[in-house]
Amino acid sequence: MKPVISATGLWTPPESVTNAELVESFNAWADRWNAEHEADIAAGLVEAKTHSSVEFIEKASGIKSRYVVDKSGVTDPALMRPVIPERSNEEISILAEIAVKAARQALERAGRDPKDVDAVICAASNMQRAYPAMAIEVQEALGIEGFSFDMNVACSSATFGIQTAADFVRAGHAKSVLMVNPEITSGHLNWTDRDSHFIFGDVATAVLVEDESIAPKDHWKILGTQLKTKFSNNIRNNFGFLNRADPSGEGAPDKLFVQEGRKVFKEVVPMVSEMIITELDRLSLKPEQLRRLWLHQANANMNRLISSKVLGHEASDDESPTVLDEYANTSSAGSIIAFHKHSADFKPGERGLICSFGAGYSVGAVFVEKAG
Ligand code: COA
């Protein structure tokens, strides 16, 4: 059994928020907050909120806009969160629904009937609930037999999911594994935190990992995969079933996404580049044999540094494409969006790297070669 990538799928929400729109609503929220806390600010009990800036966001991160499932809620200074009505148990959950949309595209591109898929892995940072697994809900919605489960490795979930799927194929447990990454990151983002309110966006991606014998002709060979984790508190979200307090940005900020962005930048860049260089060596590949790096989309400056360390020169847009400007950080889906949107020009025999990194810390690398 030889695992390959048969196809990918992408679902993008229809609504997008520009940096200018985001900053306008943040600043309006900050002005309101300052007015409400005027006396405490004057008495020196609390610090006044400072305005955010479009220029800072673009320069510090490379992000220009983000897609969201609910634009009106996240840009309403009185709300500053997405408003997503709860659904009954009889309806499909929103995360499963968007995963199914991305999955259908991947299945269609591979010419695969859902009946012939053996397993579904939902690999994402932001889960709908503890159980039943979203993956089983996706399995049910698509009419897939076999087994399914959820896994969460934060921003690295997709690459960890690809290796897990590939291992099932190698072991003979499955011939066709659908791996989905629905991310409604807008639900765990603290829209009132100036340091991070611009970071995330919503999306869903899907990757179909199959045995070479059943894959379409123009599949992607998986040359090698490598995963690594190392504990760090620098990216954290404490929300969980043991602390059910309603998480509002103000009352319980640690129940939403929090990070030490500077530390993450400094610590993760060497971890990622060292892993890629070691893995290249193990696969007897030279950096110049990689036509493209589809890197995790968290920060454009971070990706510039990683690609420089790996390639020995600053990567061109062709060598390391960016989707972050349009999509922002979509957690586990980022490197898969880059791969999905920027791989059609590959010729048989050309190689590339899908690489993700994030909370944990976690790093995952999947080296691929275009077949045909
Ligand atoms: N608007 C204007 N100014 C802002 C701002 C905003 N929205 N947010 C922060 N600033 C200010 C800070 O207050 C600080 O001011 P000071 O120098 O007067 O203290 C200055 O800008 C620099 O802030 P800093 O947080 O050090 O910025 P940065 O250059 O490190 O960029 C990140 C911030 C988050 C974009 C960057 O650190 C990053 O992307 N890190 C990696 C994050 C990552 O990959 N996380 C993984 C998530 S999965």
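- The name given to the chain in an unreviewed UniProt entry is Beta-ketoacyl-ACP synthase III, with the source organism recorded as Henriciella mobilis.

### Things to note about the overall build of the chain
Working step 1: Helix and strand content of the chain: eleven helices and 13 strands.
Working step 2: Since a compact globule built from 372 residues should have a radius of gyration of about 21 Å, the 21 Å found for the chain is in line with a globular shape.
Working step 3: For the chain, the spread of C-alpha atoms along the principal axes amounts to about 70 × 55 × 35 Å.
Working step 4: Considering the chain as a whole, with its 372 residues, one finds that 53% of them fall into the buried category.

### Thoughts on the UniProt feature "domain: Beta-ketoacyl-[acyl-carrier-protein] synthase III C-terminal" (unreviewed entry) in the chain
Working step 1: As annotated in UniProt, the feature "domain: Beta-ketoacyl-[acyl-carrier-protein] synthase III C-terminal" (unreviewed entry) corresponds to residues 280-369 in the numbering used here.
Working step 2: Taken end to end, residues 280-369 has its terminal C-alpha atoms 13 Å apart, with 30% of it in helix and 24% in strand.

### Quick word on the layout of surface pockets
Any space left empty among the atoms is revealed by the rolling of a water-sized probe across them.
Working step 1: Of the volumes computed, that of the second largest pocket is approximately 420 Å³.
Working step 2: Ala300, Arg304, Asp317, Ser320 and Thr322 are, among the 24 residues lining the second largest pocket, the residues nearest its centre.
Working step 3: Every element with two or more residues in the lining of the second largest pocket is listed here: α3 (54-61) and α9 (300-311).
Working step 4: The biggest single contributor to the lining of the second largest pocket is α9, with five residues.
Working step 5: Within the lining of the second largest pocket, the residues separate by chemical class into four nonpolar, ten polar and ten charged.

### Side note on the packing of helix α5 (residues 94-110) against helix α6 (residues 134-142)
Working step 1: The geometry of α5 relative to α6 is characterised by a closest axis approach of 9 Å and an angle of 55° between their N-to-C directions. Classified by the angle between their axes, α5 and α6 sit oblique to one another. Judged by the sense of rotation from one axis to the other, the crossing of α5 with α6 is right-handed. Here Leu95, Ala96, Ala99, Val100, Ala103, Arg104 and Leu107 of α5 come into contact with α6, specifically with Met134, Glu137, Val138, Ala141 and Leu142.
Working step 2: When its residues are assigned to classes, the contact of α5 with α6 shows ten nonpolar, no polar and two charged.

### As for the packing of aromatic side chains
Working step 1: Applying the stated rule across the entire model yields eleven aromatic pairs.
Working step 2: Taken together, a centroid distance of 5.3 Å and an interplanar angle of 55° make the contact between Trp220 and Phe346 tilted. With Trp220 in strand β8 (residues 220-229) and Phe346 in the loop between α11 (334-341) and β12 (351-358), the pair connects residues that are 126 residues apart, well separated along the chain. The exposure classification of Trp220 matches that of Phe346, with both residues buried.
Working step 3: A ring pair is formed by Trp294 and Phe339, whose centres lie 4.7 Å apart and whose planes are at 75°; its orientation type is edge-to-face.

### Side note on the pairing of β8
Looking along a regular strand, one sees the side chains alternate between the two faces of the sheet.
Working step 1: One ladder, built from two bridges, connects strand β1 (residues 3-11) with β8; its direction is antiparallel. Each bridged residue has a counterpart across the sheet, and for Val4 the counterpart in β8 is Lys221.
Working step 2: For β8 and strand β13 (residues 362-370), the ladder comprises nine bridges, and the chain directions are antiparallel. Bridging across to β13, Lys228 finds its partner in Val363.

### Concerning the environment of Ser335
Working step 1: Tracing the backbone through its elements, the reader meets Ser335 in helix α11.
Working step 2: Here the alpha-carbon distance between Ser335 and Leu295, two residues 40 residues apart in the chain, equals 5.1 Å.
Working step 3: Once residues within four sequence positions are removed from consideration, Ser335 is found in contact with Trp294, Leu295, His296, Gln297, Ile354, Cys355 and Ser356.

### Digging into the pattern of salt bridges
Working step 1: For the structure shown, the criterion picks out 15 salt bridges.
Working step 2: Close ionic contact of Glu21 with Lys71 constitutes a salt bridge, the shortest N to O distance being 3.0 Å. With Glu21 in helix α1 (residues 19-36) and Lys71 in helix α4 (residues 71-74), the pair connects residues that are 50 residues apart, well separated along the chain.
Working step 3: Looking at Glu21, the relative accessible area reads 31%, which means it is partly exposed.
Working step 4: For Lys71, a relative accessible area of 21% translates into the label partly exposed.
Working step 5: Put simply, Glu279 and Arg282 hold a salt bridge, and the shortest N to O gap is 2.7 Å. Placement of both Glu279 and Arg282 in helix α8 (residues 261-282) is noted, with a separation of three residues, approximately one turn of the helix.
Working step 6: Assessed through its relative accessible area of 1%, Glu279 is described here as buried.
Working step 7: Several salt bridges share partner residues, and in doing so they unite Arg291, Arg292, Asp318, Asp345 and Glu350 into one network.

Reading guide: rules and limits
- Residues numbered from 1 in each chain as written.
- Predicted model: local features only at pLDDT ≥ 70, side-chain atom pairs only at ≥ 80, totals over all residues.
- Heavy atoms only, no water.
- Helix = DSSP H or I, 4+ residues; strand = E, 2+ residues; numbered from the N terminus.
- Rg over C-alpha atoms; globule rule 2.2 N^0.38 Å.
- Buried < 20%, exposed > 50% of the residue type's maximum accessible area, 1.4 Å probe, protein only.
- UniProt positions renumbered as here; feature names shortened; annotations may be inferred.
- 1 Å grid on protein atoms, 1.4 Å probe; cavity = no way out; pocket = protein on both sides within 12 Å on 5 of 7 lines; lining within 4 Å.
- Points joined across faces, edges and corners; volume = space filled by probe spheres on them.
- Nonpolar A, V, L, I, M, F, W, Y, C, P; charged D, E, K, R; others polar.
- Axes fitted to C-alpha atoms, helices over the stretch in contact; angles between N-to-C directions.
- Parallel < 35°, antiparallel > 145°, perpendicular 65-115°, else oblique.
- Left-handed = near helix turned anticlockwise from the far one by under 90°.
- Contact = heavy atoms within 4.5 Å.
- Phe/Tyr/Trp six-rings, centres within 6.5 Å; stacked < 30°, edge-to-face > 60°.
- Pairing = 2+ DSSP bridges.
- Salt bridge = Lys/Arg side-chain N within 4 Å of Asp/Glu carboxyl O.

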